[in-house]
Amino acid sequence: MKEKIDINTWIRKDHFKFFSTFEEPFFGVTVDVDCTATYQEAKEQNASFFLLYLHKSLLAANQVEPFKYRIIDGEVWKYEIVNAAATINRPNGTFGFGYMGFHEDFEDFRTAANNEIEKVQASTGLIPSSSGENVIHYSALPWLNFTSLSHARNYAYQDSCPKISFGKVRDENGRKIMSVSIHVNHALMDGFNVAQFVDRYQALLNNTAVKANV
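Predicted model, so just to flag it, every value in this text is computed and none were measured.

> What exactly am I supposed to notice about helix H4 (residues 106-121) here?
The α-helix winds at 3.6 residues per turn, so residues separated by three or four positions along the chain end up facing the same way. Under the 1.5 Å per step criterion, the end-to-end length of H4 is 22 Å for 16 residues, consistent within 8% with the ideal 22 Å. Those residues of H4 lying buried are Phe106, Phe109, Arg110, Ala113, Glu116, Ile117 and Val120. Down the axis of H4, the smallest arc covering the buried residues is 135 degrees, so these residues share one side. A distance of 3.1 Å separates the backbone nitrogen of Glu107 from a side-chain oxygen at the start of H4, and that oxygen is part of Asp105.

In structure tokens:
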């Protein structure tokens, strides 16, 4: 489900028209998040730490409206929910793109995500699953503690999906800290909205009892 945004009455009308003319309308930031509580939660539940922090980031994105905006044929649409299109590593060193649908409940998300991971790891193609526009592009670099990150981009293709990448977890003063890179289309949102996402994500990482408000 999606609804069309009336650009003529949209508060971001001028911002949209300005940044839509750019060859590269994306901007990005890299922040540190404290994932100590979620790391411990994953151990206690015998759950995948990756899937747990991925799920919480997807919860946060679905709670910040601009992360659900997409540009389609020059028009802005708001999706009811957004899902995950994530890179999935294979034992042979390659990766494939997997599609993970949004579920508010982690157990439902984990079951579906594990099935997708198994399917991608058993395949050889780069894109074994189709996703659509209502996704966030996710990737994880658990081997690197990065402070900035750029993405390969095809400028001929009109892309408006946010891109979120996770880095290596490191120990600092007894806490588990992880770098997170967030790239978004400036025609659809600003730094304030990215900060809203980061704040919401950190709250979810801190508080295992926080419920979604999608």
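> What should I look at first to understand the nonpolar core in this one?
One broad trend across soluble globular proteins is that nonpolar side chains are buried collectively. Counting residues in hydrophobic clusters, the biggest one holds 43 residues, and the most contacted among them are Phe67, Met100, Tyr138, Phe166, Ile182, Phe197 and Tyr201. Broken down by secondary-structure element, the contributors of at least two residues to this core are strand E2 (26-34), helix H3 (49-62), strand E5 (83-89), H4, strand E7 (135-140), strand E8 (163-172), strand E9 (175-185) and helix H5 (191-206). Broken down by element, this core gets its largest block of residues, 9 residues, from H3. In contact with Phe67, other than residues within four places in its own chain, are Ala61, Val82, Ile136, Pro162, Ile182, Val184, Met189, Asn193, Val194 and Phe197. Among the nonpolar cores identified, the runner-up in size contains 10 residues, and Ile7, Phe16, Ile71 and Leu188 belong to it.

> How do you make sense of helix H2 (residues 36-45) when you look at a structure like this?
Regarding H2, the residues found buried are Thr36, Thr38, Glu41 and Ala42. One or two steps after H2, the chain reaches Asn46, where phi turns positive at roughly 55 degrees.

> Can you help me understand unusual backbone geometry in this one?
Trans is the common state for peptide bonds, and a negative phi is the common state for residues other than glycine. For Asp73, which is not glycine, the phi dihedral falls at a positive 55 degrees. Examined against the element boundaries, Asp73 turns out to sit in the loop between strand E3 (69-72) and strand E4 (75-79). Located in the positive-phi region is Asn173, a residue other than glycine, with phi close to 55 degrees. Take Asn173: it is sitting in the loop between E8 and E9.

> I would appreciate a short explanation of the environment of Ala42 in the present structure.
Counting through the fold element by element, Ala42 comes out in helix H2. Taking the C-alpha atoms as reference points, Ala42 and Leu52, separated by 10 residues in sequence, lie 6.8 Å from one another. Not counting chain neighbours up to four residues away, the residues in contact with Ala42 comprise Ala47, Ser48, Phe49 and Leu52.

Procedures and definitions
Residue numbers run consecutively from 1 along every chain, following the written order of its sequence. Only residues with pLDDT of at least 70 are given local features in this predicted model, and only at 80 or more are side-chain atom pairs given and counted; all residues enter the totals for whole chains, interfaces and linings. Excluded from the side-chain calculation are hydrogens and water; included are all heavy atoms of the structure. By the criteria applied, helices consist of DSSP H or I runs no shorter than four residues and strands consist of E runs no shorter than two, each listed in order from the N terminus. One less than the number of residues in a helix, times 1.5 Å, gives the span that helix is expected to have. Residue exposure (1.4 Å probe, protein chains only): buried if accessible area is under 20% of the type maximum, exposed if over 50%, otherwise partly exposed. This arc corresponds to the set of directions leading from the helix axis out to the C-beta atoms. Polar contact criterion, stated in full: a pair of N or O atoms within 3.5 Å, where within protein one must be able to donate a hydrogen and the other to accept it, and residues adjacent in sequence count only if both atoms are side-chain atoms. What is meant by a nonpolar core is a set of buried Ala, Val, Leu, Ile, Met, Phe, Trp, Tyr and Cys residues, joined one to another through side-chain atoms within 4.5 Å. The contact definition used throughout considers only heavy atoms, calling two residues in contact when any of these lie within 4.5 Å.

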